[in-house]
Structures are given as C-alpha cells and as structure tokens.
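Structural features, examined
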Amino acid sequence: MATSIAHVKTAQGKRYLFKLCKHWSHKFEVVSTETHAEIPFDAQARAVFDADDEGLVLQAIHEDAERLEWLQGVIATHLQRFALDEPLEINWVRQD
C-alpha cells in the first residue's frame, strides 16, 4: 500500500472539506464529520481528509504504488477547483 500526505495552509479547511465530501458523495460512500472525512474511491484507493482552523491535511492511499500519483492529482485538481481564487500550495510527501 502506498500513502502520501499534503498539508495545505488555508483558513477555509473545513469549508473545502465539506465541498469535497458533498461533491464525491454523489458517487461514493463518503463518511465525514465537520473536521474529518474518508472517501473510498474503490477497493484499491481512498482519501482521508482532516481540517482545522489552520488548514487541511490530505491523505492519498492506493494499493498500487504506481497509481498513487494519479490519486494525488484527482484530489488536488478537485481541491483547486473548489478554492477558486485562493492559490493553494499542495505538496505531496510519500509516507512509505
């Protein structure tokens, strides 16, 4: 299993977490609270998000290490779309 984490600084972490969950809840069984979410994309891929007043922690997890970069891109692209005019710095760090 391959895992990577990105710490995104933003005052809108909880708002972005809500938007990501709402968007993906139309396709996936999203489990979320105001500050935590888990999104199972399929049997091999999932995302875990944690939000607080300082930002959003993104975690990408994929059974296939070669597909982890694809999952990171999906998460980052969607987050940037919801951030609109706020430039977000999303730097993924592998954990394995």
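For the structure itself, look to the data block above.
Now for a description of the structure that goes with this document. (Residues numbered from 1 in each chain as written. Predicted model: local features only at pLDDT ≥ 70, side-chain atom pairs only at ≥ 80, totals over all residues. Heavy atoms only, no water.)

Turning our eyes to something else, we now look at the packing of helix α1 (residues 13-24) against helix α2 (residues 68-83). Where α1 meets α2, the axes come as close as 10 Å, and the angle between the chain directions of the two elements is 115 degrees. Considering how the two elements wind past one another, α1 and α2 form a crossing that is right-handed. Here Y16, K19, L20, H23 and W24 of α1 lie close against α2, whose contacting residues are V74, I75, H78, L79, F82 and A83. In the contact of α1 with α2, the residues fall into 8 nonpolar, 2 polar and 1 charged. (Axes fitted to C-alpha atoms, helices over the stretch in contact; angles between N-to-C directions. Helix = DSSP H or I, 4+ residues; strand = E, 2+ residues; numbered from the N terminus. Left-handed = near helix turned anticlockwise from the far one by under 90°. Contact = heavy atoms within 4.5 Å. Nonpolar A, V, L, I, M, F, W, Y, C, P; charged D, E, K, R; others polar.)

Let us look at the packing of aromatic side chains. Tallying each qualifying case throughout the model produces 3 aromatic pairs. Between the aromatic rings of W24 and F41, the centroid separation amounts to 5.0 Å while the plane-to-plane angle is 85 degrees, which identifies the pairing as edge-to-face. In this pair, W24 is assigned in helix α1 and F41 in the loop between β3 (36-40) and β4 (45-52), connecting sequence segments 17 residues apart. Ring geometry for W24 and F49: centres 6.4 Å apart, planes at 25 degrees, overall stacked. Here F49 lies in strand β4 and W24 lies in helix α1, a separation of 25 residues in the sequence. F49 gets classed as buried once you look at its relative accessible area, which sits at 0%. Aromatic rings pair up to connect W24, F28, F41 and F49 into one cluster. In this structure, R67 packs its charged tip against the face of W70, placed 4.5 Å from the ring centre. (Phe/Tyr/Trp six-rings, centres within 6.5 Å; stacked < 30°, edge-to-face > 60°. Buried < 20%, exposed > 50% of the residue type's maximum accessible area, 1.4 Å probe, protein only. Lys NZ or Arg CZ within 6 Å of the ring centre and 35° of its normal.)

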